[in-house]
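# Chains, contacts and geometry: an overview
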Amino acid sequence: MRLSRYFLPVLKETPAEAQIVSHRLMLRAGMIKQESAGIYAWLPMGYRVLRRIEQIVHEEQQRAGHIPLLMPTLQPADLWQESGRYNAYGPEMLRIRDRHDRDMLYGPTNEEMITDIFRSYVRSYKDLPLTLYHIQWKFRDEIRPRFGVMRGREFLMKDGYNFDLTREDALHAYNRHLVSYLRTYERMGLQAIPMRAESGPIGGDDTHEFLVLAETGESEVFYDSEITDLRFGDREIDYDDVAQCRAVLEEFTSRYARTDDTHDAAVFEAQVPEARRRQARGIEVGQIFYFGTKYSEPMGATVADADGRQVPVHMGSHGIGVSRLLGALIEANHDDAGIIWPEGVTPFHCGIVNLKQGDAATDAACDGLYRGLVAKGLEPLYDDREERAGGKFATMDLIGLPWRITVGPRGLKTGIVELTSRRTGESEELTPELAVARVAEIYAGL
Ligand code: ATP
Ligand code: MG
């Protein structure tokens, strides 16, 4: 993409309404525009990151054997009458009446609808296990939308639902989700710690929230500092292997880590030596639940078991805050100059800064780099505007591309360009060909 032809409305001033750094930077870097409280338009730069995050979530869900579909944002109220949640949900639910006076709602979550889909088609235990998921916009009329996309009213969520014959099978689905979530967040360059949580309006006993530690987080958390040393890494995992998935769950959840809803000071002190006790704040970026037959029973989602008896299926639901993740990622990756995207989610792989636009040799070198990067399957953002070098660097730093190649007449005299890491600020001088090769190598495994 050439910046001169792109739509990147960066702001010079810091917007006064934004209280936390991620919200400020998303507005300044031209990623989002507020349309109403907690409702945002995703401008091209923000949209690119949103799509990258979505892509990672899709890939990791499907790696775990989960199947994508897409349910609508609007739902009939009848389904929610069946589960009893239509009245229970309260003012967070946006209720709508259509022209035929039918009660509708903008989905805050999809347990009822997915249960209805399941009961419409699945009859036998032989069709289990089954996990279906979608990535779809949700609406919750939050009492206090704030912090930009972190607590929106309209927000993008991945929500997945497992259907299993027995509680045991459903707990394997739970563990499988935990493993796939660890992989998902690590691929984005984030550490999200599973913590014991309370279930809220979804209902259920077994549940973990995934938290990214950040001062601006809305949740208070208590944990054993040892937990921050755990990494899933690139280990092989067989998602059908019950013992393997269970072992990962045990590894990542045996140390004390709880949100304030479930925190127990006495247990904390008994289990964790004082030097390792931490109290901090965190951003909830996902949650997994097992809730058994809470929906399948009232809604009649049953299958015939091996003996031909009709039994309600055991279910769980599993969410990832796709749009909230942009905020969490920026909270965890920024400096005074702007965002620092991890390679896994960056909107463009590499920036190209032309220090002397209009100089034939410099323009030609930039064009060559651009073509070279594209030929390697990468997406560069080429700042080809007639602007001072200082302004170009400031924009690149603000939008946070992890790598930048700077091209100027002075370097080109000896055949070199400069490759700079946004994170460390360190630069390397090398030929354009080597610069392309280096950048390609950095992204090769991602
Ligand atoms: P919270 O406690 O933050 O209100 P929740 O527990 O009600 O969230 P879930 O039903 O668990 O939310 O939804 C799954 C994920 O969706 C959450 O882990 C979070 O990352 C994200 N999410 C929930 N509410 C919002 C919101 N208002 N804006 C953006 N993301 C949200
Ligand atoms: Mg939650």
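### Notes on the domain arrangement of the protein
Taken domain by domain, the protein comprises domain 1 (3–339) and domain 2 (350–444). Taking only C-alpha atoms into account, the centre of domain 1 sits 37 Å from that of domain 2. At the interface, 16 residues of domain 1 touch 13 residues of domain 2. Each partner contributes to the roughly 1200 Å² buried at the junction of domain 1 and domain 2, and carbon and sulfur atoms together form 57% of this total. Linking domain 1 with domain 2 are ten residue pairs in polar contact (both at pLDDT 80 or more), by the criterion used here. Secondary-structure elements contributing two or more residues to the side of domain 1 that touches domain 2 are helix H1 (21–28), helix H2 (44–63) and strand E18 (338–339). Looking at which element gives the most residues to the side of domain 1 that touches domain 2, the answer is H2, with three residues.

### A short note on the pattern of salt bridges
If the charged atoms of two oppositely charged side chains come close together, the side chains can form a pair. Within this structure, the stated rule accounts for 33 salt bridges. In this structure, the salt-bridge partner of Glu59 is Arg187, at a minimum N-O distance of 2.8 Å. Highlighted residues: Glu59 in helix H2 and Arg187 in helix H6 (residues 167–187), separated in sequence by 128 residues. Residue classification places Glu59 among the partly exposed residues on the basis of a relative accessible area of 33%. The class of Arg187 is partly exposed, set by a relative accessible area of 27%. For Glu251, the salt bridge identified is with Arg235, shortest N-O distance 3.0 Å. Taken together, the residues span a long stretch of sequence, with Glu251 in helix H7 (residues 242–253) and Arg235 in the loop between strand E11 (219–224) and H7 at a distance of 16 residues.

Cut-offs applied
- Residues numbered from 1 in each chain as written.
- Chains lettered and ligands numbered in written order.
- Predicted model: local features only at pLDDT ≥ 70, side-chain atom pairs only at ≥ 80, totals over all residues.
- Heavy atoms only, no water.
- Domains from an automatic or database assignment.
- Contact = heavy atoms within 4.5 Å.
- Buried area = accessible area lost by both parts, 1.4 Å probe.
- Polar contact = N/O pair within 3.5 Å; in protein donor to acceptor, adjacent residues only side chain to side chain.
- Helix = DSSP H or I, 4+ residues; strand = E, 2+ residues; numbered from the N terminus.
- Salt bridge = Lys/Arg side-chain N within 4 Å of Asp/Glu carboxyl O.
- Buried < 20%, exposed > 50% of the residue type's maximum accessible area, 1.4 Å probe, protein only.

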